[in-house]
Structures are given as structure tokens and as C-alpha cells.
Amino acid sequence: MRPEAVSLLRCPRTGGHLRVTDRVVAEGRIVSGALVSESGQSYPIRNGIPDFTDSTALTDHERQTRTEYERVAEGIYDTAVDWQFAAFQEDEHTVREAMVDLLCLTPSARVLEVGSGTGRDSVRLARRLGAEGLLHLQDLSPAMAAVCARRMAREGVSCTLDYSVSSALELPFPDEAFDAVFHFGGFNQFGDLRRGAAELTRVVRRGGRVLIGDEAVAPWLKGSEFDHVVTTNNPLFSADTPLDVLPACARDVTCRWIIGNCFYVIVFDRGDGPPPLDLDLPHQGWRGGTMRSRYYGRLEGVTVDAKALAHEAAAREGLSVHAWLDRVVRDAATAGDRSKP
Ligand SMILES: C[S@@+](CC[C@H](N)C(=O)[O-])C[C@H]1O[C@@H](n2cnc3c(N)ncnc32)[C@H](O)[C@@H]1O
């Protein structure tokens, strides 16, 4: 790893800074050693890649997923992906380039790829960046990360490349560290999808872009014979498109289905909290009030007769129901105070 990369990393547990111990350096890069947090938690650097996956902290689901990807990293995974594109009669190059287009990267962007696998999108992301750009390639599986690093070394790209092994649910980066986050192919296996979406969003800056894609037969194909054929071959296709787990700060959300309409691609920009609302803008209609009064000012219901009477009284006085009720409640509630000497 680059010695300078340490300042971009954080302890995934505490968010605290890290320092390198026991470093072995070759050709200007740290090839082994450990990253140690302020609280003493130590993470090994193996073959130049820091590993933040303390196996005791991984969920059972993550441990199983990692074991599976460790098994298939050398050869089997790439053969399966080739088969998949061929089976759907899709051109992988066109499909993946179109996905990367959706990030609208500038050459100097700082980009994180989560679950980079053997690097089939990583090379395309890297080619969009210039010497001033940064691409951090992250994966849960050390074997997948190693295959990816070999592929990237063969490519000879010009941007800065960093690597880490960690869980997508606990990324080793500070808030808003990246301009864009790209993830394709592992999301359905994250176990806690809401937490995964929140974590990918946490590390992108406000105004930055997040892309998440994985298997899910498009909603209009669910239940069809086509659906039964593909989900019988790979049960992961039966996943639902996880629009409901996006964080409240997601803006300009788009969702498309690609590769035989069997993979979703969700893209959104990171805003600041939920969309803005003017809670105090008066409603123009006969009920009156504001969004704040209608939501935060709700009181108990009254009898149906009393409700009709309130509507009639408000109309007689030319007031909105809100204005009439607000005055009546205030008057009644403070009548005792006024009658005091
Ligand atoms: C199907 S592969 C996709 C690889 C690559 N993005 C591609 O499109 O070929 C899924 C990848 O996500 C990784 N992955 C799965 N669960 C993960 C998690 N919880 N955190 C980080 N990576 C994870 C796997 O190790 C694997 O490399």
C-alpha cells in the first residue's frame, strides 16, 4: 500500500485514525505490517493490502460469503461471469461501460468501488480517471482483492490505486471521503441491506454519486416463465429491487434494469438529510394550517357532530378550519388565566 494511503483510512469500529507498525517497505510501498487504531485495535497488512476483517466481528452471513468467494476467486468466478453475459446474449463491455457512464466521473475524482471482485469494472473506472484521480478498490475477500490487484497491475492505469479488505457494512473511511461510490454484484449478499446502503452513502460527499446494482428480476417479469427459468438457475435473481432501503438523503434517484432485465442499477446523488420542506407555508384551501400544524399540531378527534359544527362555524366566520380551531382551543385553554384577578 502507498504510505500516504494511511491518512485516508480509519478504524472501521471507532472511526479513529490509524498508524503503521512493523512496516516492511519495498519499492516505496508498504508490503506488510499492521495498522493500529488509537484504541489498540490492530489490522494486518498482507501482500500490501490492509485487512480490516476481524473475523470475529463478521456476521455469519459475511463469513459464508467470504468463504465462497475465496473458493472461486482464481478462475471459477471469471468463467461464471463470462457464461452469464453469454447466456443473456449481452456484450459485457457495452453493459459495464454504460454503468460507469452513469457516475459522470471527472478525471480528478476520488472513487470507491465496493465489492470490486476480480476487477471487471475496476479497470473501466480507472480508465476514466487521470493521474490526479484516486480509485480505492475494496472487497470482503482477500483472494478476490488479490486477483483484482494483479489485473490492475497488468492494465497500467494512470490514477492512484489503493486497496483494502473490509466489510461493506463497516467501511474503513471517514465520512464523505469520496466523490463517487460504485458497487455492482454483491449487494444482495450484504445481509443488512439498509445498513449497506447507508454505509456506501456515508463515505460519499454531499452532492456526490452512488451506484448500486445487483440481481433482481424486474418487477414486471416477476411470476413469468422467464422469471421461473432464471431464478431456478440462480435463486439470487428472485431478490426484490431494494429501492426501499435507500437513505433519506438520496436525491435524483434513477433505477433501471439491465442484462435481460435481471439486474437493477440504482443511481442517486447524496443530499443533506431528507428533502427540504417549508413546514410553515400556509395552505391555501378551506382547511388552512401548514404542514407543521397538520402533522405536529394534531389533537384528539372529536364527535362527528362537533366536527360538522366546527366546519360550519369556521365557514360562517370566513376562517379556515385551522384558524378557527386554533383560536377556539387557545381561548378555551387560557380562559382560566384571564379570569384570574
Ligand atoms: C458477484 S461479485 C461482483 C464482483 C464485481 N463487482 C463484478 O461485477 O464482477 C461480489 C463481490 O462482492 C464481494 N462482497 C460480498 N459481500 C461483501 C461485503 N459484505 N462487503 C464487501 N464485499 C462484499 C464479494 O467478495 C465479491 O467479490
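This text goes with the structure placed above it.
Residues numbered from 1 in each chain as written. Predicted model: local features only at pLDDT ≥ 70, side-chain atom pairs only at ≥ 80, totals over all residues. Heavy atoms only, no water.

Concerning the overall build of the protein chain
The criterion, for reference: Numbering of helices and strands runs from the N terminus, with a helix taken as a DSSP run of H or I at least four residues long and a strand as a DSSP run of E at least two residues long. The size measure is the radius of gyration over C-alpha atoms, and the globule rule it meets is 2.2 Å times the number of residues to the 0.38 power. The criterion used for residue contact is that any of the two residues' heavy atoms lie within 4.5 Å. Note on areas: Shrake-Rupley, 1.4 Å probe, and residue coverage restricted to the protein chains presented here. Asp and Glu are treated as the negative residues and Lys and Arg as the positive ones, with His and the ends of the chain left uncounted. Here the site of a charge means atom NZ of a Lys, CZ of an Arg, CG of an Asp or CD of a Glu.
Helices and strands together make up the secondary structure of the protein chain, namely 10 helices and 11 strands. A compact globule built from 341 residues should have a C-alpha radius of gyration of about 20 Å, whereas the protein chain, at 27 Å, is more than 25% larger. Here the C-alpha coordinates of the protein chain stretch approximately 90 × 55 × 40 Å along the principal axes. Taking the contacts inside the protein chain whose residues are at least 6 apart along the sequence as the reference set, 64% of them involve residues at least 24 apart. Working note: accessible area of the protein chain is about 17,600 Å², and carbon and sulfur atoms make up 54% of it. Averaged over its 39 positive side-chain charges, the protein chain has a centre that lies 5 Å from the centre of its 48 negative ones.

Re the packing of aromatic side chains
Counted only if it meets this: A pair of aromatic rings is counted whenever rings of Phe, Tyr or Trp (Trp by its six-membered ring) have centres within 6.5 Å, and the orientation is called stacked for planes under 30 degrees apart, edge-to-face for over 60 and tilted otherwise. Accessibility here uses a 1.4 Å probe with only protein chains present; expressed as a share of the type maximum, an area under 20% marks a residue as buried, one over 50% as exposed, and anything in between as partly exposed.
The tally for this structure, following the rule as stated, stands at nine aromatic pairs. Between Tyr-69 and Tyr-77 the ring centres are 6.2 Å apart and the planes differ by 65°, which places this aromatic pair in the edge-to-face class. Tyr-77 gets classed as partly exposed once you look at its relative accessible area, which sits at 24%. Grouping aromatic residues by their ring pairs yields a cluster made of Phe-88, Phe-184, Phe-237 and Phe-263.

Some details on helix H6 (residues 193-202)
Looking only at H6, the buried set comprises Gly-196, Ala-197, Glu-199, Leu-200 and Thr-201. At its buried positions, H6 is contacted by strand S5 (110-114), strand S8 (178-184), strand S9 (204-215) and strand S11 (263-270).

A word on the sheet that holds strand S7 (residues 160-165)
Inclusion rule: For two strands to count as paired, DSSP must find a minimum of two bridges between them. Axes here mean lines fitted to C-alpha atoms, for a helix over just the part in contact, with angles spanning 0 to 180 degrees between N-to-C directions.
In spatial order, the strands read S7-S6-S5-S8-S9-S11-S10; together these seven strands make up an open sheet with mixed pairing. Of all the strands in the sheet, the pair left with one neighbour each is S7 and strand S10 (250-258). Between one strand and the next, the sheet's axes are offset by a mean angle of 15°, whatever the strand orientation. Two strands pair when backbone bridges link them, and S8 and S9 are joined in this way by six bridges, in the parallel orientation. Counted as the bridge partner of Val-181 is Val-210 from S9.

Some points on the pairing of S10
A regular strand places its side chains on the two faces of the sheet in alternate fashion. Where S10 meets S11, seven bridges bridge the pair, whose relative direction is antiparallel. Note on S11: the bridge partner recorded for Thr-254 is Val-267.

A closer look at a nonpolar patch on the surface
For the record, the criterion: Patches were defined on residues exceeding 30% relative accessible area and lacking a salt bridge, with like-charge contacts within 9 Å and nonpolar side-chain contacts (Val, Leu, Ile, Met, Phe, Trp, Tyr) within 5 Å. A carboxyl oxygen of Asp or Glu within 4 Å of a side-chain nitrogen of Lys or Arg is what we treat as a salt bridge.
Together, Leu-299, Leu-325 and Val-329 line one region of the surface with nonpolar side chains, adding up to about 280 Å² of accessible area. Within the fold, Val-329 resides in helix H10 (residues 321-339).

Quick look at the nonpolar core
Filter applied, for reference: Buried Ala, Val, Leu, Ile, Met, Phe, Trp, Tyr and Cys residues form a nonpolar core when they are joined through side-chain atoms within 4.5 Å. Domain borders in the structure are assigned automatically or taken from a domain database.
In terms of nonpolar packing, the biggest core is built from 79 residues, with Leu-35, Leu-135, Met-152 and Leu-200 touching the most fellow members. Here this core gets six residues from one element, more than from any other, and that element is S11. For this core, the domains that each give at least three residues are domain 1 (1-45) and domain 2 (51-270). Residues contacting Leu-35, with those up to four places away along its chain left out, are Val-6, Leu-9, Leu-18, Arg-19, Val-20, Gln-41, Ser-42, Tyr-43, Ile-45, Pro-50 and Phe-52.

With respect to the site of the ligand
The condition that has to hold: Any residue with at least one heavy atom within 4 Å of a molecule or strand is counted as near it. By the convention adopted, Pro, Cys, Tyr, Trp, Phe, Met, Ile, Leu, Val and Ala count as nonpolar, Lys, Arg, Asp and Glu as charged, and the other residues, Gly among them, as polar.
Around the ligand, a shell composed of 23 residues is seen, among which Tyr-77, Gly-115, Asp-139, Ala-168 and Phe-184 lie nearest. In the complex, the protein chains occlude 97% of the 590 Å² of accessible area that the ligand would expose alone. Every element with two or more residues in the shell around the ligand is listed here: helix H1 (60-72) and strand S6 (134-139). In terms of residue count, the dominant contributor to the shell around the ligand is H1 (three residues). Taken together, the residues of the shell around the ligand break down into seven nonpolar, 10 polar and six charged.

Remarks on the packing of helix H2 (residues 76-87) against helix H3 (residues 92-101)
We apply this condition: Oblique is the label for any angle not covered by the other classes, which are roughly parallel (under 35 degrees), roughly antiparallel (over 145) and roughly perpendicular (65 to 115).
In the contact formed by H2 and H3, the axes pass within 10 Å of each other and the chain directions differ by 95°. Regarding the angle of H2 to H3, the classification is roughly perpendicular. Between H2 and H3, the residues in contact are Val-81, Asp-82 and Phe-85 and Glu-92, Val-95 and Arg-96, respectively. Of the residues in the contact of H2 with H3, the class split is three nonpolar, no polar and three charged.

A few points about the side chain of Thr-53
Keep this limit in mind: N or O atoms within 3.5 Å of each other form a polar contact, as long as, within protein, one can give a hydrogen and the other can take it, and as long as residues adjacent in sequence are counted only when both atoms are side-chain atoms.
Within the secondary structure, Thr-53 sits in the loop between strand S4 (49-50) and H1. The exposure class of Thr-53 is buried, given its relative accessible area of 9%. Polar side-chain contacts of Thr-53 include one of 2.3 Å to the side chain of Asp-51. Among the polar contacts listed, one links the side chain of Thr-53 to the side chain of Arg-66, at a separation of 2.6 Å. Excluding residues that lie within four positions of it along the chain, Thr-53 makes contacts with Leu-58, Arg-66, Leu-140, Val-165, Ser-166 and Ser-167.

Description of the environment of Ser-37
Within the secondary structure layout, Ser-37 lies in strand S2 (residues 29-37). With residues up to four places along the chain from it excluded, the contact list for Ser-37 reads Cys-11, His-17 and Leu-18. A polar side-chain atom of Ser-37 sits 3.0 Å from a polar atom in the side chain of Ser-39.

Digging into the sheet that holds strand S1 (residues 18-26)
The sheet built from four strands is open, its strands ordered S1-S2-S3-S4 with antiparallel pairing. Edge positions in the sheet fall to S1 and S4, since each of these pairs with one other strand and no more. Alignment of strand S3 (residues 42-46) against S4, held across two bridges, turns out to be antiparallel. Bridge pairing in S4 places Arg-46 opposite Ile-49.

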